[in-house]
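# Fold and contact review
If you want the building blocks of each chain, they are given just below.
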There are 2 protein chains.
Amino acid sequence: MTEMEWSKREKVIARRAFDAAYHRECMAITENVRKMAAGVDDPADLWRLSGYLTKKRKEVDEKYDYRYSVHLIVFARLICEGWLKPEDLAGLSEEKLEKIREIAEFGI
Amino acid sequence: MTEMEWSKREKVIARRAFDAAYHRECMAITENVRKMAAGVDDPADLWRLSGYLTKKRKEVDEKYDYRYSVHLIVFARLICEGWLKPEDLAGLSEEKLEKIREIAEFGI
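Note that the coordinates shown come from a computational prediction; the quantities given were computed from them, not determined experimentally.

## Some thoughts on the pattern of salt bridges
As a working rule, side chains carrying opposite charge can pair if their charged atoms are close by. All names here are of chain A. Per the counting criterion, the structure on display carries 30 salt bridges over all chains. The partner of E98 in a salt bridge is R101, and the shortest N-O contact between them spans 3.1 Å. You can see E98 and its partner R101 sitting in helix α4 (residues 94-106), three residues apart, about one turn around the helix. Through salt bridges with shared partners, one network takes in E25, K63, R77 and E81.

Right, dumping it as structure tokens:
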């Protein structure tokens, strides 16, 4: 993918959207942890919770890559997964929004 | 330490005491996890919880070593830490109980 230039304003929008998605996903994981913790009856349940959290931490670490070169792909993925809404990205250039839509729809 | 023989009855008592301590400690960890999860306000709190659980899992895995050769040391440690009560071990030979007391008191 051709690398794109990011204006100062776009960088602010990107940072805010990225942080919002990260916060939403972490809070959703927290909600699952609360439910799982409430239901722990024996040690095996506790270690299942531990395994879930370790897996999620790895997934989140890999997913939330803040390099500009992968921003469009990361944003497309976050939209597909529901952590970002298209309106969170309002203010990015039409070219970038179009590319994000394309990736989200077709994985281009 | 000289290795001791464990009668069939003593093995049953040891297994029950070991499992009870393991269950108690895991449930105490669960209680901490519930409290920490309830207080998660941001991703950093969530990853602190994850770190706590990973550390506890490692500690518990190392501590609950079920080899007969280390039973007395493990039981002494569990008593010191409050996961076992001396009465959980009632029925073991006086020699073993004395040794457990010694280790618990002086780390012998």
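Resuming the write-up.
## Brief notes about α4 of chain A
All names here are of chain A. Across its 13 residues, α4 extends 18 Å between first and last C-alpha, which sits within 8% of the 18 Å expected from 1.5 Å per residue. By the burial criterion, the buried members of α4 are K96, L97, I100 and I103. Relative to the axis of α4, the buried residues are bounded by an arc of 125 degrees and lie together on one face. For α4, exposure combined with an orientation more than 90 degrees from the buried face picks out E94, E95, E105 and F106.

## A few points about the relation of the copies chain A and chain B
Rotating chain A by 180 degrees and moving it 0.0 Å along the rotation axis overlays it on chain B with an RMSD of 0.0 Å. Put plainly, the chains are arranged around a two-fold axis. Within chain A, R34 of chain A has its C-alpha nearest the rotation axis, a separation of 3.2 Å. A shared interface surface links the copies, since 100% of the contact residues of chain A are contact residues in chain B too.

## Description of the packing of helix α2 (residues 43-63) of chain A against helix α2 (residues 43-63) of chain B
A pair of packed helices is captured by two measures, namely the crossing angle of their axes and the spacing between those axes. In the contact formed by α2 of chain A and α2 of chain B, the axes pass within 10 Å of each other and the chain directions differ by 130 degrees. With respect to α2 of chain B, the element α2 of chain A is oriented oblique. You can see that α2 of chain A and α2 of chain B cross each other, and the crossing is left-handed. Across the interface between the two elements, L46, W47, L49, S50, G51, L53, T54, K56, R57 and V60 of chain A of α2 of chain A pack against L46, W47, L49, S50, G51, L53, T54, K56, R57 and V60 of chain B of α2 of chain B. For the contact of α2 of chain A with α2 of chain B, the residue count by class is 10 nonpolar, six polar and four charged.

## Examining the state of the cysteines
According to the stated counting rule, one finds zero disulfides over all chains in the structure shown. Lacking any disulfide linkage, C26 of chain A is separated from the closest cysteine sulfur, that of C80 of chain A, by 19 Å.

## Looking at helix α1 (residues 8-38) of chain B
With 31 residues, α1 of chain B extends 45 Å from end C-alpha to end C-alpha; this agrees with the ideal 45 Å at 1.5 Å per step. Every buried residue belonging to α1 of chain B is among E10, I13, A14, A17, F18, A21, E25, C26, I29, T30, V33 and A37 of chain B, and all of these are buried. Buried positions along α1 of chain B lie against α1 (8-38) and α2 of chain A together with α2, α3 (71-80) and α4 (94-106) of chain B.

## Some details on the interface of chain A and chain B
On the side of chain B, 24 residues touch chain A, which itself brings 24 residues to the contact. Taken together, both faces of the contact between chain A and chain B bury some 2,000 Å²; the carbon and sulfur share is 70%. Counting the contacts that link chain A with chain B gives zero salt bridges. Inspection of the region where chain A meets chain B yields eight residue pairs in polar contact (both at pLDDT 80 or more). Elements supplying a minimum of two residues to the side of chain A that touches chain B: α1 and α2 of chain A. With 11 residues, the top contributor of residues to the side of chain A that touches chain B is α2 of chain A. A class-by-class count of the residues in the side of chain A that touches chain B yields 14 nonpolar, five polar and five charged.

Reading the values: rules and limits
- Residues numbered from 1 in each chain as written.
- Chains lettered and ligands numbered in written order.
- Predicted model: local features only at pLDDT ≥ 70, side-chain atom pairs only at ≥ 80, totals over all residues.
- Heavy atoms only, no water.
- Salt bridge = Lys/Arg side-chain N within 4 Å of Asp/Glu carboxyl O.
- Helix = DSSP H or I, 4+ residues; strand = E, 2+ residues; numbered from the N terminus.
- Expected span 1.5 Å × (residues − 1).
- Buried < 20%, exposed > 50% of the residue type's maximum accessible area, 1.4 Å probe, protein only.
- Arc of directions from axis to C-beta.
- Least-squares fit on C-alpha atoms with pLDDT ≥ 70 in both.
- Contact = heavy atoms within 4.5 Å.
- Axes fitted to C-alpha atoms, helices over the stretch in contact; angles between N-to-C directions.
- Parallel < 35°, antiparallel > 145°, perpendicular 65-115°, else oblique.
- Left-handed = near helix turned anticlockwise from the far one by under 90°.
- Nonpolar A, V, L, I, M, F, W, Y, C, P; charged D, E, K, R; others polar.
- Disulfide = S-S within 2.5 Å.
- Buried area = accessible area lost by both parts, 1.4 Å probe.
- Polar contact = N/O pair within 3.5 Å; in protein donor to acceptor, adjacent residues only side chain to side chain.

Without other data, these values stay purely geometric and don't point to any function.
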